[in-house]
Amino acid sequence: MRFYECVFVARQDITGAQVENMAKNYTNIIKNEGGQVGKIEFCGLRTLAYPIKKNKKGHYVLMNVTAKPEAVAEVERQMKLSEDILRYVTVKVESLDDNPSPLMQQRSFRDEKARSSYDDQDDVVENTNESPRSE
Amino acid sequence: MSDETRMSSENQARVAQLVKRQFFKRRKSCPFSGPKAMKIDYKDVRLLSRFVSERGKIMPSRISSVSLKKQRELAQAIKRARFLALMPYVQK
């Protein structure tokens, strides 16, 4: 048994309930193979940094998985076949973190950039550059 | 005459010292190593965006003073974030 973090991005047109169903589906696959699913985070509809297949937004879901590699391979195969999934990433990790991930707290890259406190002087310039882009 | 020359040599020494001080910069330490290190996570867009240029390129470690080992980790995390459309590949 190994620890995995699985993130997938679903199409913007499907409903939240459908996304939850998908997650449940994958959970069942893993459980059938003798694995476990820890926390599942539904990060909601987030703006993508760039359009993927004409989608500007996507449902982000993060799953913490404890399973055998075969189970993960099966889930990845299913995700590859699914038309509703734009992107998926499964990463092997040393340990699983049960705290809410930064995905839950932060909005999108652009929003962060605009009101980020880290880049100090660039901020003013950034904002002026930002406004025409968002229109 | 001898007084003047001594003065100038003293001055020179002072100037040299000033120049030295000006060009000496304290080496900043890696933000990901040490006791209060941050954890590199591909989902933490706010953290990663600090190590990316305005254009969206990964900053060289000689500027951000990230250690070589952590820079490799950081680059991997940024690339993962890009793939998941959490961060842009290019920002115009």
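The rules we used
Residues numbered from 1 in each chain as written. Chains lettered and ligands numbered in written order. Predicted model: local features only at pLDDT ≥ 70, side-chain atom pairs only at ≥ 80, totals over all residues. Helix = DSSP H or I, 4+ residues; strand = E, 2+ residues; numbered from the N terminus. Buried ≥ 20, exposed ≤ 12 C-beta atoms within 10 Å, placed from the backbone. Contact = placed C-beta atoms within 7 Å. Core = buried A, V, L, I, M, F, W, Y, C linked by C-beta atoms within 7 Å. Pairing = 2+ DSSP bridges. Axes fitted to C-alpha atoms, helices over the stretch in contact; angles between N-to-C directions. Domains from an automatic or database assignment. Nonpolar A, V, L, I, M, F, W, Y, C, P; charged D, E, K, R; others polar. Expected span 1.5 Å × (residues − 1).

**Considering the overall build of chain B**
- When helices and strands are counted, chain B shows 4 helices and 0 strands.
- Mapped in sequence order, the helices and strands of chain B form the string α-α-α-α.
- Put simply, chain B has 92 residues, and 22% of those count as buried.
- A fraction of 65% describes how many contacts in chain B between residues 6 or more apart in sequence connect residues 24 or more apart.

**A short note on the environment of Ala-71 of chain A**
Residue and element names in this part refer to chain A.
- Along the chain, Ala-71 falls in helix H2 (residues 69-81).
- For Ala-71, a count of 22 C-beta atoms within 10 Å corresponds to the buried category.
- Through-space distance from the C-alpha of Ala-71 to that of Tyr-26 is 9.7 Å; in sequence the pair is 45 residues apart.
- Discounting residues that sit within four places of it in the chain, Ala-71 has contacts with Ile-29, Ile-30, Glu-33 and Gly-35.

**A short note on the nonpolar core**
- Counting 43 residues, the largest nonpolar core has Val-61, Met-63 and Val-65 of chain A together with Leu-48 and Ala-81 of chain B as its most contacted members.
- Sorting the residues of this core by element identifies strand E1 (2-10), helix H1 (16-32), strand E2 (36-52), strand E3 (55-67), H2 and strand E4 (85-93) of chain A together with helix H2 (45-48) and helix H4 (68-83) of chain B as the ones contributing at least two each.
- If sequence neighbours within four positions are ignored, Val-65 of chain A has contacts with Tyr-4, Cys-6, Ile-30, Gly-35, Val-37 and Val-72 of chain A.

**Regarding the sheet that holds E1 of chain A**
All names here are of chain A.
- The 4 strands are arranged E2-E3-E1-E4 in an open sheet whose pairing can be described as antiparallel. Every interior strand has two partners, whereas the edge strands, E2 and E4, have only one. Strand-to-strand, the axes of this sheet are offset by a mean angle of 20 degrees, without reference to chain direction.
- Pairing between E1 and E4: 8 bridges, direction antiparallel. Each residue of the ladder has a partner; that of Ala-10, found in E4, is Ile-85.
- H1 contacts E1, E2 and E3 of the sheet and is inclined by roughly 25 degrees relative to E3.

**Re the domain arrangement of chain A**
All names here are of chain A.
- By the assigned domains, chain A splits into domain 1 (2-96) and domain 2 (100-135).
- Between domain 1 and domain 2, the contact holds 7 residues from the first and 6 residues from the second.
- Put simply, the parts of the chain that give the side of domain 1 that touches domain 2 at least two residues each are E2 and E3.
- Examining the composition of the side of domain 1 that touches domain 2, we find that 5 residues originate from one element, E2, more than from any other.
- Grouping the constituent residues of the side of domain 1 that touches domain 2 by class yields 4 nonpolar, 1 polar and 2 charged.

**Describing H1 of chain A**
Residues and elements named next belong to chain A.
- Over its 17 residues, H1 extends 24 Å from the first C-alpha to the last, a length consistent with the 24 Å expected when each residue adds 1.5 Å.
- On its buried face, H1 sits against E1, E2, E3 and H2.
- Backbone geometry just after H1 places Gly-34 at a positive phi near 90 degrees.

**Things to note about the environment of Val-90 of chain B**
All names here are of chain B.
- Residue position: Val-90 is located in the segment after H4.
- According to the C-beta neighbour criterion, Val-90 is exposed, with 10 such atoms within 10 Å.
- Put simply, Val-90 and Leu-48 are 42 residues apart on the chain and 15 Å apart in space, counted from C-alpha to C-alpha.

**Observations regarding the interface of chain A and chain B**
- Listed per partner, the contact involves 18 residues of chain A and 15 residues of chain B.
- With 4 residues, the top contributor of residues to the side of chain A that touches chain B is E2 of chain A.
- Considered class by class, the residues forming the side of chain A that touches chain B number 11 nonpolar, 4 polar and 3 charged.

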